[in-house]
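# Summary of structural features
Here's the letter readout for the chains.
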Amino acid sequence: MTLKTVYIVRHGYRSNWLPLEQQVAPPTGVDSDPPLAPHGVDQAKELAVFLSRDLAARQLPVPQMIFSSPFYRCVETIHPTAQALGLEIHPERGLGEWFKPNRQVVPVPVDHAMLHTFFETVPSDMDWLWDTVVPSVKGEPEESIVPRGQTFWARFSPKFEQKHPDVECIVLVT
């Protein structure tokens, strides 16, 4: 078999999009790695219902694996879905957010072991890492976004199909 369906998910509403007095410090301690706002948490719960129940009711493919940017807000967005489907979340740096090169702080996300302390759906030790693309810690010019996405997919897809030939449906969270 081959990969047939890929759902792409954007993280939910971030707490740093709220007024300053309502913002929450990043649980990971990484600057610019905010958790979801209450509305984003609600969005994550709605997403879980859609991906775990509504798709099946519509006879559409249900995700068999989840890959997420390792930023907290992304993992937090897909965590309820992983719980509902009984799946693990596989952090993937190639799905990380784009940051401008002139930005004061270009955050580096925490690793899977640290994410596991917040989300049991992230394995505490991973027996494989994809090694696709790692965004530059200096930021990236805007014109590099599409090539990074193309490089990510060109590296991810063959490795994925080789390691998981029976999986036909995945979710990518960024």
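Residues numbered from 1 in each chain as written. Predicted model: local features only at pLDDT ≥ 70, side-chain atom pairs only at ≥ 80, totals over all residues. Heavy atoms only, no water.

This paragraph deals with the overall build of the chain. Helix and strand content of the chain: four helices and four strands. Seen in sequence order, the chain has helices and strands lined up from the N terminus as β-α-β-α-β-α-α-β. Taken against the 2.2 N^0.38 rule, which gives 16 Å for 174 residues, the C-alpha radius of gyration of the chain at 16 Å falls within 12% of a compact globule. The principal-axis extents of the C-alpha atoms in the chain amount to approximately 45 × 35 × 30 Å. Sequence-distant contacts, at least 24 apart, represent 71% of the contacts inside the chain between residues at least 6 apart. Positive and negative charge centroids in the chain, built from 15 and 21 side chains respectively, lie 4 Å apart. (Helix = DSSP H or I, 4+ residues; strand = E, 2+ residues; numbered from the N terminus. Rg over C-alpha atoms; globule rule 2.2 N^0.38 Å. Contact = heavy atoms within 4.5 Å. Lys, Arg positive; Asp, Glu negative; His and termini not counted. Charge placed at Lys NZ, Arg CZ, Asp CG, Glu CD.)

Tracing the chain through its elements places Thr-121 in the loop between helix H3 (112–118) and helix H4 (145–163). A distance of 2.7 Å separates the side chain of Thr-121 from the side chain of His-79, its partner in a polar contact. Beyond its immediate chain neighbours, meaning those up to four positions away, Thr-121 contacts His-79, Ala-82, Gln-83, Leu-87, Glu-88 and Ile-89. (Polar contact = N/O pair within 3.5 Å; in protein donor to acceptor, adjacent residues only side chain to side chain.)

A few words on the packing of helix H1 (residues 38–57) against helix H2 (residues 72–85). Two quantities define a packed helix pair, namely the angle between the axes and the distance from one axis to the other. H2 packs onto H1 with a crossing angle of 35° between their chain directions and a minimal axis gap of 8 Å. Crossing of H1 over H2 shows right-handed handedness. Every residue of H2 that contacts H1 at Val-41, Ala-44, Lys-45, Leu-47, Ala-48, Leu-51 and Ser-52 is listed here: Glu-76, Thr-77, Ile-78, Pro-80, Thr-81, Ala-84 and Leu-85. Of the residues that constitute the contact of H1 with H2, the class distribution is nine nonpolar, three polar and two charged. (Axes fitted to C-alpha atoms, helices over the stretch in contact; angles between N-to-C directions. Left-handed = near helix turned anticlockwise from the far one by under 90°. Nonpolar A, V, L, I, M, F, W, Y, C, P; charged D, E, K, R; others polar.)

Read across the open sheet, the four strands follow the order S1-S4-S2-S3; overall the sheet is parallel. Two strands bound the open sheet, and with one partner strand each, they are strand S1 (5–9) and strand S3 (89–91). For this sheet, the mean inter-axis angle between neighbouring strands, taken without regard to orientation, is 25°. For strand S2 (residues 65–68) and strand S4 (residues 169–173), the ladder comprises four bridges, and the chain directions are parallel. Its bridge partner being in S4, Met-65 is matched across the sheet by Ile-170. (Pairing = 2+ DSSP bridges.)

Its boundaries defined by the atoms lining it, the second largest pocket holds a volume of some 200 Å³. In this structure, the second largest pocket is lined by Arg-10, Gly-94, Leu-95, Gly-96, Glu-97, Trp-98, Ile-145, Arg-148, Gly-149, Phe-152 and Thr-174. Of the residues in the lining of the second largest pocket, the class split is four nonpolar, four polar and three charged. (1 Å grid on protein atoms, 1.4 Å probe; cavity = no way out; pocket = protein on both sides within 12 Å on 5 of 7 lines; lining within 4 Å. Points joined across faces, edges and corners; volume = space filled by probe spheres on them.)

All right, on to the packing of aromatic side chains then. For any pair of aromatic rings, the description consists of the separation of the ring centres together with the inter-plane angle of the planes. Per the stated rule, a full pass over the model turns up eleven aromatic pairs. Centroid distance Tyr-72 to Phe-118: 5.3 Å. Interplanar angle 85°. Geometry classified as edge-to-face. Linking Tyr-72 in helix H2 with Phe-118 in helix H3, this pair joins segments that are 46 residues apart in sequence. A residue is classified by how much of its surface remains accessible, and Phe-118, at 29% relative accessible area, is partly exposed. Between Phe-118 and Phe-119 the ring centres are 6.4 Å apart and the planes differ by 55°, which places this aromatic pair in the tilted class. On the basis of relative accessibility, which here comes to 4%, the residue Phe-119 falls in the buried class. (Phe/Tyr/Trp six-rings, centres within 6.5 Å; stacked < 30°, edge-to-face > 60°. Buried < 20%, exposed > 50% of the residue type's maximum accessible area, 1.4 Å probe, protein only.)

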